[in-house]
Amino acid sequence: MQQTFSLRDRWNALADRVSGWIGHDLLAVVSRVSIAAIFFQSGRTKVEGFLTLTESTYELFRTEYKLPLVPPEVAAHMSAYVETFVPMLLVMGLFTRASALLLLGMTTIIEVFVYPDAWPTHLSWAAILLYLIARGGGRLSLDRVFRIH
């Protein structure tokens, strides 16, 4: 007896195959590297050499990135350090959930206090970061090697 497959059945079979190819481990690596690149590149614009903050960075935090309760000089350093070191942790997949949570907090601060009109960009960052917080770094991570959840 010949079996017929509906368009829905064919679609679902294709979707199941794609899900097998693009699993969590691949998504985790791509998510970690992509969001790390965004924050690391931003951090590099704030420094010269390794971690010498530029005068323009201090000025940016004094005038455009004014945060409540945090002096601009402190905020500039905190931002540069987070944007330098946390992406490195993400690329290695070390403390992935905590790193993603820290960057989600930074994204929230940027959205609320600095660039509220940039919510589409910040929402896309948040989606990647929330995925990493929920699912972790995957098998291709130091979290896996050290059994960090």
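Residues numbered from 1 in each chain as written. Predicted model: local features only at pLDDT ≥ 70, side-chain atom pairs only at ≥ 80, totals over all residues. Heavy atoms only, no water.

Visitor: In this structure, what is going on with unusual backbone geometry? I would like to understand it.
Guide: It is generally the case that most residues other than glycine have a negative phi and that most peptide bonds are trans. With a phi close to 70°, Leu 69 is a non-glycine residue in the positive phi region. By relative accessible area, Leu 69 is classed as exposed at 90%. If you check the backbone angles, Phe 95 has positive phi at about 55° while not being a glycine. Within the secondary structure layout, Phe 95 lies in the loop between helix 4 (72-92) and helix 5 (96-114). On the basis of relative accessible area, Phe 95 is assigned to the partly exposed category, the value being 44%. (Buried < 20%, exposed > 50% of the residue type's maximum accessible area, 1.4 Å probe, protein only. Helix = DSSP H or I, 4+ residues; strand = E, 2+ residues; numbered from the N terminus.)

Visitor: Sorry, what's going on with the packing of helix 3 (residues 55-63) against helix 4 here?
Guide: The description of two helices packed together rests on the angle between their axes and the distance between the axes. It is at 8 Å that the axes of helix 3 and helix 4 come closest, and there the two elements cross at 120°. One way to sum up the angle between helix 3 and helix 4 is to call them oblique. For the element pair helix 3 and helix 4, the recorded crossing hand is right-handed. Along its contact with helix 3, which presents Thr 57, Tyr 58, Phe 61 and Arg 62, the element helix 4 presents Pro 72, Glu 73, Ala 75, Ala 76, His 77 and Ser 79. Classifying every residue of the contact of helix 3 with helix 4 gives 5 nonpolar, 3 polar and 2 charged. (Axes fitted to C-alpha atoms, helices over the stretch in contact; angles between N-to-C directions. Parallel < 35°, antiparallel > 145°, perpendicular 65-115°, else oblique. Left-handed = near helix turned anticlockwise from the far one by under 90°. Contact = heavy atoms within 4.5 Å. Nonpolar A, V, L, I, M, F, W, Y, C, P; charged D, E, K, R; others polar.)

Visitor: Please explain the side chain of Thr 84 as it appears in this structure.
Guide: Looking at the secondary structure, you find Thr 84 in helix 4. Beyond its immediate sequence surroundings of up to four residues, Thr 84 is in contact with Phe 40 and Leu 51.

Visitor: Before we go on, may I ask you to explain the packing of aromatic side chains in this structure?
Guide: The way to describe two aromatic rings as a pair is by their centre distance and the angle between their planes. Using the criterion set out here, one finds 4 aromatic pairs in the structure. A centroid spacing of 5.9 Å and a plane angle of 70° characterise the contact between Phe 50 and Phe 85, whose relative ring orientation is edge-to-face. With Phe 50 in the loop between strand 1 (47-48) and strand 2 (52-53) and Phe 85 in helix 4, this residue pair connects regions lying 35 residues apart in the sequence. Its relative accessible area of 36% is what places Phe 85 among the partly exposed residues. With 4.9 Å between their ring centres and 85° between their planes, Phe 61 and Tyr 65 make a pair best called edge-to-face. We note that Phe 61, like Tyr 65, is buried. (Phe/Tyr/Trp six-rings, centres within 6.5 Å; stacked < 30°, edge-to-face > 60°.)

Visitor: Can you help me understand the environment of Leu 67 in this one?
Guide: As for its position among the elements, Leu 67 is in the loop between helix 3 and helix 4. For Leu 67, a relative accessible area of 24% puts it in the partly exposed group. The sequence separation of Leu 67 and Val 114 amounts to 47 residues, and the corresponding C-alpha distance is 7.6 Å. Those residues in contact with Leu 67, other than ones at most four positions away along the chain, are Ala 75, Ile 109, Phe 113 and Val 114.

Visitor: How do you make sense of the UniProt feature "transmembrane region" (unreviewed entry) in the protein chain when you look at a structure like this?
Guide: Mapped onto the present numbering, the UniProt feature "transmembrane region" (unreviewed entry) falls on residues 88-110 and 122-142. With 87% helix and 0% strand, residues 88-110 has its two end C-alpha atoms placed 20 Å apart. Between the C-alpha atoms that bound residues 122-142 there is a distance of 27 Å. The span itself is 71% helix and 0% strand. (UniProt positions renumbered as here; feature names shortened; annotations may be inferred.)

Visitor: Would you mind showing me how to read the layout of surface pockets here?
Guide: Gaps left between atoms show up when a probe the size of a water molecule is rolled over them. Size it by volume and the largest pocket reaches roughly 520 Å³. Every residue lining the largest pocket is counted, 24 residues in all, and those nearest its centre are Leu 67, Ser 79, Met 106, Ile 109 and Ile 110. Elements supplying a minimum of two residues to the lining of the largest pocket: helix 2 (24-44), helix 4, helix 5 and helix 6 (119-135). With 7 residues, the single largest contributor to the lining of the largest pocket is helix 5. Partitioned by chemical class, the residues of the lining of the largest pocket number 18 nonpolar, 4 polar and 2 charged. (1 Å grid on protein atoms, 1.4 Å probe; cavity = no way out; pocket = protein on both sides within 12 Å on 5 of 7 lines; lining within 4 Å. Points joined across faces, edges and corners; volume = space filled by probe spheres on them.)

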